[in-house]
Amino acid sequence: MLAASADLVYRHAPPADAPHVTPTMPAADVILWASVNAAHALVDEGNFRQAILAYEACLRRLRDTAAALAAVPPPADLAVPDVLSHNSAEDSETEVSGEDATKTNDPAQAVAAADREIRLYLVRAMYVHAKAQKDANTMRAALEEMRSLCADIDYTLPSADGETANGETANGEPASGEAPNWPSLTPDQGLLLFDLALLEQSVAQLTSEQPEAERTLATIDQATEALTHSTQLFTCLSQWGKEQQKKPKPKKLFFSPRLATERAAYGRSLSAKLSRRREEQAEFERQRQESRDTWLRQQQDEERRREEMQRAAEHARRIEEERLLRETEEKNRALREQMAAERELLASERDHAAADHEAGSAKRKSTARVVDDDDDPVTSTNAKKYKSKAIVSESDDDMDADDDAADRTPSPSGTPPPAESDNDSDNND
C-alpha cells in the first residue's frame, strides 16, 4: 500500500528519458531543466540527499531569474498549459485543469507553474528519503512544503454532530454522511490533497516508530493533530472521488477512492497506536524529568560540598597566614631587640674607648707640658737631665728601691751616707 502511494506522489515527475523543456522559457533556461532531469536521475539511483540538494538549487535558479524571465516578452504563437507534465499520453489528453484547455502566454504564470512543479519533485524526494531512512524530521519538512503548495486550494472539511475524534463516523464516512461540497476542486488539486493527507499520515507513523528519547510529547501531539486531519481528509477524498465517478462525464482522477478509504481506516488504527505512544512518552518524560531533577540535586549537593570545602580551605589558609604573620612579627621584634642591645653595647664600648682615649690624651698633654717647661732658657743646660714622665716614674721607683737597700746595708765605718743631690730632689718634686 505504501509503495503504491509513493508512486502516486511520483506522478508529478516526467519520464527520465523525456527531456522537460518549458516552451515559454528562454533557450538559456534549458540548463535549469537539464538540472531537474539530473535530480530525477539521482532519485532513481536512490541518492535522495543529493537529489534534494539538486532540486533546491533548481528552485533558487528559477526564483533568482524570475524577474528577468518576466521582462522577456514571449512569442505570440507560443503557449503553455497550466499543468506542465504527466506520466503518460493518456494523462496528457485528459482535462486536468477543470477548464477547457486553459493556456497562457504570460511568462510570470509559466514561472509560477514551473516553481510549483519543481517543488512537487522536491517533496517527492524528501518523502522517499524520509521513508527509507525513517527520518521524521525530513518528513515534517516535506509536509510543511506540501501545506504551502495546498494553501491556495479551496476545500473545507465537513463537521457535524456525532463525529468521532477524527472528525468522522465509525464506518469511516464523513461525519455528515454526505460527500463534501467541493465544486471548484479539480482532479489535480484532489491529487495534491491526497498527497497532503499521505504526508500527514506518514509523519504520524514515523513519530510513533521513533524511540522515546528522540521524540517529545509536543511532537506526538502535532502528529496526532496531523493524523486527525489526514484521516478526515482521506474520508472526504474517498467520497468526493466516488461522486466524481458517478457523473455522466467523469473527470480523470489521479488517485483511487478505494485507496483513500483504506488510508482512512489505517489512520484510525494508527490514531489508537499513537494514543498509546503518548501515554508511554508521558511516563518516559516523567521518569526522565525525575532523573534530571535527581541529577540536578546531586549536582547542587556536590556544588555545595565543593563550596564548603573551598570555604574551609580558605579559612585554614587565612589561619595559617595569620600564624605565619604572628611568627614573623615575633621574629622581627626579637631581631629588633637584639639589634638594639647590640647597638647599646657598641655605643657603650665606643663611650669607654672615648673615655680611655680622653684619659690618654690628658696624660699625654700633661707630659707635653712638662717637656715644654724644660725648654725654658734658664734651665736649658739641664734639659738632658729630664726624662719623660713615665721614665722618671720608673727611675724614681728604682731609686727608691736602691735607697731602701742602702739603708738596710750597713755602711762602712767612717763613711757617711751619701747626700741627696739636687737633681734627685727635683725629680721627686
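See the structure printed just above.
Residues numbered from 1 in each chain as written. Predicted model: local features only at pLDDT ≥ 70, side-chain atom pairs only at ≥ 80, totals over all residues. Heavy atoms only, no water.

Turning next to the nonpolar core. Of all hydrophobic cores here, the largest spans 55 residues; its most connected members are Tyr55, Ile118, Met146, Trp182, Leu199 and Leu233. Elements with a contribution of two residues or more to this core: α2 (30–44), α3 (48–64), α6 (107–133), α7 (136–149), α8 (187–209), α9 (217–246) and α10 (257–374). Ranked by residues supplied to this core, first place goes to α6 with 12 residues. Formed by six residues, the second largest nonpolar core is a distinct cluster that contains Ala204, Ile220, Leu227 and Leu270. (Core = buried A, V, L, I, M, F, W, Y, C linked by side-chain atoms within 4.5 Å. Buried < 20%, exposed > 50% of the residue type's maximum accessible area, 1.4 Å probe, protein only. Helix = DSSP H or I, 4+ residues; strand = E, 2+ residues; numbered from the N terminus.)

Helix length check: α3 (17 residues) gives 24 Å between terminal C-alpha atoms against 24 Å at 1.5 Å per residue, within 8%. Looking only at α3, the buried set comprises Phe48, Ala51, Ile52, Ala54, Tyr55, Cys58, Leu59 and Leu62. One face of α3 carries all of its buried residues, which in axial projection span an arc of 165°. (Expected span 1.5 Å × (residues − 1). Arc of directions from axis to C-beta.)

For the rest of this paragraph, the subject is the pattern of salt bridges. Under the definition given, this model contains 22 salt bridges. The closest approach of N and O atoms between Glu314 and Arg317, which form a salt bridge, is 2.1 Å. Here Glu314 and its partner Arg317 are both found in helix α10, three residues apart, which amounts to about one turn of the helix. Overall, the relative accessible area of 38% leaves Arg317 in the partly exposed class. A single salt-bridge network, built from bridges that share partners, covers Arg63, Asp115, Arg119 and Glu145. (Salt bridge = Lys/Arg side-chain N within 4 Å of Asp/Glu carboxyl O.)

Remark: α7 packs on α8, axes separated minimally by 9 Å, with the N-to-C direction vectors making an angle of 155°. Looking at the two axes, α7 sits roughly antiparallel to α8. Helix-helix and strand crossings are classified by hand; for α7 and α8 the assignment is left-handed. Mapping the contact onto sequence places Ala136, Met139, Arg140, Ala142, Leu143, Met146 and Arg147 in α7 and Leu192, Asp195, Leu196, Leu199, Glu200, Ser202, Val203, Leu206 and Thr207 in α8. Taken together, the residues of the contact of α7 with α8 break down into 10 nonpolar, two polar and four charged. (Axes fitted to C-alpha atoms, helices over the stretch in contact; angles between N-to-C directions. Parallel < 35°, antiparallel > 145°, perpendicular 65-115°, else oblique. Left-handed = near helix turned anticlockwise from the far one by under 90°. Contact = heavy atoms within 4.5 Å. Nonpolar A, V, L, I, M, F, W, Y, C, P; charged D, E, K, R; others polar.)

Further remarks concern the packing of aromatic side chains. Two aromatic rings are characterised by how far apart their centres lie and by the angle between their planes. On inspection of all chains with the given rule, the structure shows five aromatic pairs. Seen from their ring centres, Phe194 and Phe234 are 5.2 Å apart, and the 75° between their planes marks the pair as edge-to-face. Taken as a pair, Phe194 in helix α8 and Phe234 in helix α9 lie far apart in primary sequence, 40 residues in all. The buried category is assigned to Phe194, whose relative accessible area is 0%. Ring pairing ties together the aromatic residues Phe194, Phe234, Trp240 and Phe255, which thus form one cluster. (Phe/Tyr/Trp six-rings, centres within 6.5 Å; stacked < 30°, edge-to-face > 60°.)

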